[in-house]
Amino acid sequence: MPEIKLEHVTKRWGKFYAVDDLDLVIENNSFVTLLGPSGCGKTTTLRMIAGLETPTSGRITIGDQVVFDSELGINVPANKRKVGFLFQNYALWPNMTVYDNIAFGLSNVKEELPTIDFEAKNAARLAEILANPGEVVKILEDCRDKKGKIDEKKAYIKLIDAFTLSIYTAKKLYGYHLEQGKDVSGEIASLRAKVDSARKSQTLNENFEIMQGGQVVTQTRKLSKEEIDLAVRRVSRIVKIGMFMDRYPAELSGGQQQRVAIARTLAPKPTVLFMDEPLSNLDAKLRLEMRYELQRLHVETGSTFVYVTHDQMEAMTLATQICLINNGVLQQYDAPLTVYNRPNNLFVADFVGNPSINFVEAKGTQRPDGAVELTVFAGRKAIFRPKENLDLNQWFLDRDARQAAQEAAHKEKAAQKSYVEKSNKDETFRYHIAKVVEYDDSLREEPVLTNEDLVLGIRPEFLDIVDDSCLEGEIYGAMPTGMESTIKVRIDDFLLTGVIFGSSLFTIGAKAPLSISGKNIMLFDRKSGQCIAVGSLEFEA
């Protein structure tokens, strides 16, 4: 499967930047989810790679083929990029059977293909199967109904799946009626003679492709009925819909229709499979089932999957890599657990995780031993101990240098004649601090921030109720779900969300000694919103 590479890809409409200077490499055989809030540019990114949207500038490469380059004027059309696209709306033809829906795209394929002697190929396959009749008999015996009669339709499907045949070859195989104990040695000899005759009249390789001068003979042609049927049966086996081939979409459930749409997309053997929120029309239980199916499909097909979703749970469970976008700008591109445990900034930390992360504003300075002394909540003292060596002053110097470099690059870019000012400006993420009584912060003036202004990020699973602690809270709310309970705990005038495992009962208003454990507590710079370090947190008595 090919690698996909995006270099400085931008898409704008007027002054609105849907995608802003995106650099991205999607590795072979990876499952990448484009994640972000509605309108962030993830679907636009997908459509640009697929060729359904033309970028304003940049370069896109699929494998060793440049499919778009704004400077060289290259723009390969979508149907030449050999990619499959699965939409949110399945777009199945209601007047066509499942079989015809899957085969529809294949019947329009016309490209350079090898010349195959299908008669000889099928004769060789039938001779091979007939030489071991016991397997066929066992399959056919499993297809008998209560009256002892063989269900032909069921027999065809079982033979197709067991021996990887087309329906036409399966019917021929069934026609020998091996279950009746017939002697087929004469038929085997005849089939082998047909194969030998074909090999004498022409040079055939092991796949029965015609050879000349050591090369496979090719011709621009459409797929034969045999090839189309084999492709349809192949994908129907993968998504387990072989028994629905004669049904119409209206006769299928939502999950079954989804499988048909996936099969139709897989049938032409696309090098890359793009999916734009394909599970959003399904109910919660079916979505979970289809996630498992997509995971299995990714492994079985060996294809590269690029998947658009705004559901962070879907992204976390399916992806090998998450590409998180906000306002057209790439925020982080990492493995799911890296995105969760070590987010680049406040936006990433807030967007990924359910229940949402707790943010706690803090004032702090670093001690000589590397720990950071903090004042949090209503004047409580705490110590943050970074997991790795941290020089906070150097970190701030590096931050300022990066910001100066970005401003210089922007100034240089703005001086170019082709530059268009971005109307949807990028801003530092406004995080939410949960309080007992909340006020409209939009009416307040922005505070003057210093390097002492920090933000702690505490995942709900790090909050625990213990027997004794210097940090005491009050149970403000509790939602037990059986395996775990999500609780709201009041500390001073602030609220923290916690996930407590087990089936405990909580009394609203009860006092609770609290522990904030774990070594992945996050420390953010309030000014830039960037993550400084991860570590542990201790409260002082």
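Every value quoted in this text rests on a predicted model; they were computed, and no experiment measured them. (Residues numbered from 1 in each chain as written. Predicted model: local features only at pLDDT ≥ 70, side-chain atom pairs only at ≥ 80, totals over all residues. Heavy atoms only, no water.)

1. As for the sheet that holds strand S24 (residues 494-501)
Sheets are built from strands paired through backbone hydrogen bonds, the pairs being either parallel or antiparallel. Put simply, the test is: Strands qualify as paired when DSSP identifies two bridges or more between them. Only DSSP runs of H or I reaching four residues or more are called helices, and only runs of E reaching two or more are called strands; each is numbered from the N terminus. In this analysis, axes come from line fits to C-alpha atoms, helices being fitted only over the stretch in contact, and the angle between any two N-to-C directions falls in the range 0 to 180 degrees.
Read across the open sheet, the five strands follow the order S21-S25-S22-S23-S24; overall the sheet is antiparallel. Each edge of the open sheet is held by one strand with a lone partner, namely strand S21 (463-465) and S24. Neighbouring strand axes in the sheet, compared pairwise and without regard to direction, differ in orientation by 45° on average. Relative to strand S25 (residues 511-516), S21 is paired through three bridges, and the arrangement is antiparallel. Each residue of the ladder has a partner; that of Leu-463, found in S25, is Ile-516.

2. Observations concerning the pattern of salt bridges
For clarity, the cut-off: Any Lys or Arg side-chain nitrogen located within 4 Å of an Asp or Glu carboxyl oxygen qualifies as a salt bridge. For every residue, the accessible area obtained with a 1.4 Å probe (protein chains only) is divided by the maximum for its type, and the residue is called buried under 20%, exposed over 50%, and partly exposed between those limits.
Applying the stated rule across the entire model yields 31 salt bridges. Across the pair Glu-538 and Arg-385 runs a salt bridge, and its minimum N-O distance is 2.9 Å. Of the two residues, Glu-538 is situated in strand S27 (residues 531-539) and Arg-385 in strand S19 (residues 380-386); the sequence distance between them amounts to 153 residues. Look at Glu-538 and you get partly exposed, because its relative accessible area is 37%. According to the relative accessible area criterion, Arg-385 is partly exposed, its value standing at 31%. Taken together, the shared-partner salt bridges connect Arg-259, Glu-293, Arg-296 and Glu-300 into one network.

3. Let's talk about the packing of helix H9 (residues 254-266) against helix H10 (residues 284-301)
Selection rule: Angles are sorted into four bins: roughly parallel if under 35 degrees, roughly antiparallel if over 145, roughly perpendicular if 65 to 115, and oblique for all others. Take the far helix as your reference; a near helix turned counterclockwise from it by less than a right angle gives a left-handed crossing, and one turned clockwise gives a right-handed crossing. Two residues qualify as a contact provided that any one of their heavy atoms is within 4.5 Å of a heavy atom in the partner residue. Following the grouping adopted for this structure description, the nonpolar residues are Ala, Val, Leu, Ile, Met, Phe, Trp, Tyr, Cys and Pro, the charged ones are Asp, Glu, Lys and Arg, and the polar ones are all others, Gly among them.
Direction vectors running N to C along H9 and H10 enclose 20°, while the axes themselves pass 11 Å from each other. For the element pair H9 / H10, the angle class is roughly parallel. As for the relative orientation of H9 and H10, their crossing is right-handed in sense. Two secondary-structure elements touch here, H9 through Gly-254, Gly-255, Gln-258, Arg-259, Ile-262 and Leu-266 and H10 through Leu-286, Met-290, Glu-293, Leu-294, Leu-297 and Thr-301. Among the residues forming the contact of H9 with H10, the class breakdown is six nonpolar, four polar and two charged.

4. A few points about unusual backbone geometry
Cis geometry marks the peptide bond from Asn-354 to Pro-355, where omega comes out at 0°. Looking at the secondary structure, you find Pro-355 in the loop between helix H13 (346-351) and strand S17 (358-366). In this structure, Asn-29 is a non-glycine residue whose phi angle is positive, near 60°. With respect to the element layout, Asn-29 can be found in the loop between strand S2 (16-26) and strand S3 (31-35). Even without glycine at this site, Asn-327 takes up a positive phi of about 55°. Given a relative accessible area of 22%, Asn-327 falls into the partly exposed group.

5. As for empty space enclosed by the protein
By rolling a water-sized probe across the atoms, one finds the places where empty space is left. Inclusion rule: A cavity here means a set of 1 Å grid points, computed over protein atoms only, where a 1.4 Å probe fits but cannot escape. A pocket is an open set with protein on both sides within 12 Å along at least 5 of 7 lines, and lining residues have an atom within 4 Å of a point. Grid points are joined across faces, edges and corners, and a volume is the space filled by probe spheres set on the points.
Enumeration according to the criterion identifies one cavity of 30 Å³ or more in this entry. Considering the residues around the largest cavity, the lining is formed by Ile-238, Val-239, Arg-259, Ile-262, Met-290, Glu-293, Arg-296 and Leu-297. Of all the elements in the fold, those that place two or more residues in the lining of the largest cavity are helix H8 (225-239), H9 and H10. The leading source of residues in the lining of the largest cavity is H10, at four residues. In the lining of the largest cavity, the residues fall into five nonpolar, no polar and three charged.

6. Structural notes on H8
Since the α-helix advances by 3.6 residues per turn, residues separated by three or four positions end up pointing in the same direction. Worth spelling out the cut-off: What a helix is expected to span follows from its residue count: subtract one and scale by 1.5 Å.
In this model H8 runs 21 Å from its N-terminal to its C-terminal C-alpha over 15 residues, within 8% of the 21 Å that 1.5 Å per residue would give. Where H8 is concerned, the buried positions are Glu-226, Glu-227, Ile-228, Asp-229, Ala-231, Val-232, Arg-233, Val-235, Ser-236, Ile-238 and Val-239. Backbone geometry just downstream of H8 places Lys-240 in the positive-phi region, at approximately 60°.

7. Quick look at the side chain of Thr-497
Quick note on the threshold: Contacts described as polar in this section are N or O atom pairs within 3.5 Å, which, within protein, must combine one atom able to donate a hydrogen with one able to accept it, while residues neighboring in sequence count only if both atoms come from side chains.
Looking at the element boundaries, Thr-497 is found in strand S24. Of the polar contacts made by the side chain of Thr-497, one reaches the side chain of Lys-488; its length is 2.9 Å.

8. Quick look at the packing of aromatic side chains
The description of an aromatic ring pair uses the distance of the two centres, along with the angle that the planes make with each other. Convention followed: Any Phe, Tyr or Trp ring, taking Trp's six-membered ring, that has another such ring centre within 6.5 Å forms a pair; planes under 30 degrees apart are called stacked, those over 60 apart edge-to-face, and the others tilted. Either the NZ atom of lysine or the CZ atom of arginine qualifies as a charge over a ring when it sits within 6 Å of the ring centre and within 35 degrees of the ring normal.
The final tally for this structure, using the stated rule, is twelve aromatic pairs. Between the aromatic rings of Tyr-156 and Tyr-174, the centroid separation amounts to 5.5 Å while the plane-to-plane angle is 85°, which identifies the pairing as edge-to-face. Here Tyr-156 is found in helix H5 (residues 152-163), whereas its partner Tyr-174 is found in helix H6 (residues 167-175), with 18 residues between them in sequence. When its relative accessible area of 15% is taken as the criterion, Tyr-156 is described as buried. The interplanar angle of 80° and the centroid separation of 6.2 Å between the aromatic rings of Phe-359 and Phe-524 together place this pair among those described as edge-to-face. Of this pair, Phe-359 sits in strand S17 while Phe-524 sits in strand S26 (residues 521-525), and the two are 165 residues apart along the sequence. You can call Phe-359 buried: its relative accessible area is 4%. When its relative accessible area of 0% is taken as the criterion, Phe-524 is described as buried. An aromatic cluster is built from Phe-31, Phe-305 and Tyr-307, whose rings are joined through pairwise contacts. Positioned above the aromatic ring of Trp-395, the side-chain terminus of Arg-402 is 5.8 Å from the ring centre. Here the guanidinium or amino end of Arg-459 rests over the ring plane of Tyr-340, the centre of that ring lying 4.0 Å away.

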